[in-house]
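# A structural walkthrough
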Amino acid sequence: MKKVWLLLFSLFFSFILIDSVEAASASINASSSKSTVIVGDTVTVTVKISSSSNLGAWNFDVDYSSNLTFVSSSFGGLYIADAAQTATTKSKSYTFTFRAKSSGTGKVSISNARVIDFDTEKNMSVSKGSTSFKIMTQSELESTYSKNNNLSSLEVEGHNLSPIFDKDTLEYSLELEYGTESINIKATKEDSRASVDGTGKINLSEGLNVLKIIVTAENGSTKTYVINATVKELDPINVTVDSE
């Protein structure tokens, strides 16, 4: 432990005692918890210092773009001055929380970094990373949502629809034999971001069954396809009694 604090002291106060020859290398990288942040929401950035050699002590600043507001960090602030607690420390992570203020590209980067090798007490060469993410208002985000609520196919297993399916034709007819209790409706959405309701096994009753297949686009707009499935009634049996 004594060696750790000697390293920390030498890092921050006694530059003359440090050999200017660089030893091993270290990296300080940043990663964000979100790729897109809504204005007013927070984003967490994780900064990790790592090396294949044993880390002794280090310091660095965390900088951020003007469309962000600093909220908090696991270390207490944006300036990190820390030292290894063991002789075999090869990485350490810190988290920082920011709030998005306005649209644009948010960026968090590392600057003024310095790292000391635990074993040699020499400066390490340091690569400094950054992370960026898109900041949008809710309305800007929603404007990017897909409006596609089309089906690319619609079928009833074992039966033929009339007319032949076309994504712009919304109503179809289907005639079924007496006693048909259910059908299996299959549909494929044109856009993977859309959702479809009304498919699968559908129970039927005798006579006309109006079946609705509803496609909801990513932006919430819907389109309804209708299958008018008619189950035939039992044919009447005619019996003649006394010429009637």
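Up top is the structure.
To start, this report covers the structure provided alongside it. (Residues numbered from 1 in each chain as written. Predicted model: local features only at pLDDT ≥ 70, side-chain atom pairs only at ≥ 80, totals over all residues. Heavy atoms only, no water.)

Time to look at the overall build of the protein chain. The number of helices and strands found in the protein chain is two helices and 17 strands. Residues classed as buried in the protein chain amount to 37% of the 244 residues present. As presented, the protein chain carries roughly 13700 Å² of accessible surface, and 48% of it is formed by carbon and sulfur atoms. (Helix = DSSP H or I, 4+ residues; strand = E, 2+ residues; numbered from the N terminus. Buried < 20%, exposed > 50% of the residue type's maximum accessible area, 1.4 Å probe, protein only. Areas by Shrake-Rupley, 256 points an atom, 1.4 Å probe, with all protein chains shown as cover.)

Before going further, it helps to spend a moment on the sheet that holds strand 3 (residues 42–51). Note on sheets: strands pair through backbone hydrogen bonds, and any given pair is parallel or antiparallel. Pairing within the open sheet is mixed, and its five strands lie in the order 5-7-3-1-9. Each edge of the sheet is formed by a strand with only one pairing partner; in this case those strands are strand 5 (68–73) and strand 9 (125–128). Across this sheet, the average inter-strand angle for adjacent strands is 25 degrees, counted without regard to direction. Strand direction decides the pairing type here: strand 3 and strand 7 (residues 91–100), joined by nine bridges, are antiparallel. Of the residues in strand 7, the one forming a bridge with Lys-48 is Ser-93. (Pairing = 2+ DSSP bridges. Axes fitted to C-alpha atoms, helices over the stretch in contact; angles between N-to-C directions.)

Going through the model one piece at a time under the given rule, you end up with seven salt bridges. One salt bridge in this structure joins Asp-191 and Arg-193, with 3.2 Å as the shortest N-O distance. A salt bridge links Glu-218 to Arg-193; the shortest N-O distance between them is 3.7 Å. Taken together, the residues Glu-218 in the loop between strand 16 (207–216) and strand 17 (222–231) and Arg-193 in the loop between strand 13 (182–189) and strand 14 (195–197) connect sequence positions 25 residues apart. What makes Glu-218 partly exposed here is its relative accessible area of 30%. Residues joined by salt bridges that share partners form a network here, namely Glu-175, Glu-177 and Lys-232. (Salt bridge = Lys/Arg side-chain N within 4 Å of Asp/Glu carboxyl O.)

What follows concerns the packing of aromatic side chains. On inspection of all chains with the given rule, the structure shows six aromatic pairs. Seen from their ring centres, Phe-75 and Tyr-94 are 5.7 Å apart, and the 85 degrees between their planes marks the pair as edge-to-face. Placement of the pair is Phe-75 in the loop between strand 5 and strand 6 (79–83) and Tyr-94 in strand 7, with a sequence separation of 19 residues. Judged by relative accessible area, which is 35%, Phe-75 ranks as partly exposed. For Tyr-94, a relative accessible area of 3% corresponds to the buried category. (Phe/Tyr/Trp six-rings, centres within 6.5 Å; stacked < 30°, edge-to-face > 60°.)

Moving on, we get to the environment of Ser-52. Residue placement: Ser-52 occurs in the loop between strand 3 and strand 4 (55–64). The exposed category is assigned to Ser-52, whose relative accessible area is 66%. Remark: the alpha-carbon pair of Ser-52 and Ser-25, spanning 27 residues in sequence, is separated by 7.8 Å.

Another aspect to go through is the pairing of strand 7. Sheet faces and side chains relate simply in a regular strand, where the side chains alternate between the two faces. Where strand 5 lies against strand 7, five bridges are found, and the strand directions are antiparallel. The residue bridging Thr-69 from the neighbouring strand is Arg-99, located in strand 7.

A few words now on the side chain of Asn-54. Among the structural elements, Asn-54 can be located in the loop between strand 3 and strand 4. Overall, Asn-54 belongs to the buried group, its relative accessible area being 13%. Within the structure, the side chain of Asn-54 is placed 2.8 Å from the side chain of Lys-90, a separation counted as a polar contact. Setting aside residues no more than four positions away along its own chain, Asn-54 makes contact with Ala-87, Thr-88, Thr-89, Lys-90, Ile-116, Asp-117, Phe-118, Asp-119 and Met-124. (Polar contact = N/O pair within 3.5 Å; in protein donor to acceptor, adjacent residues only side chain to side chain. Contact = heavy atoms within 4.5 Å.)

Take the sheet that holds strand 15 (residues 200–203) next. If you trace the three strands from one edge of the open sheet to the other, you get 11-13-15, paired in antiparallel fashion. The open sheet terminates on both sides in strands that have one partner only, identified here as strand 11 (151–156) and strand 15. Taking each pair of neighbouring strands and ignoring which way they run, the sheet shows an average axis angle of 25 degrees. Bridge analysis of strand 13 against strand 15 gives four bridges, and the strand direction is antiparallel.

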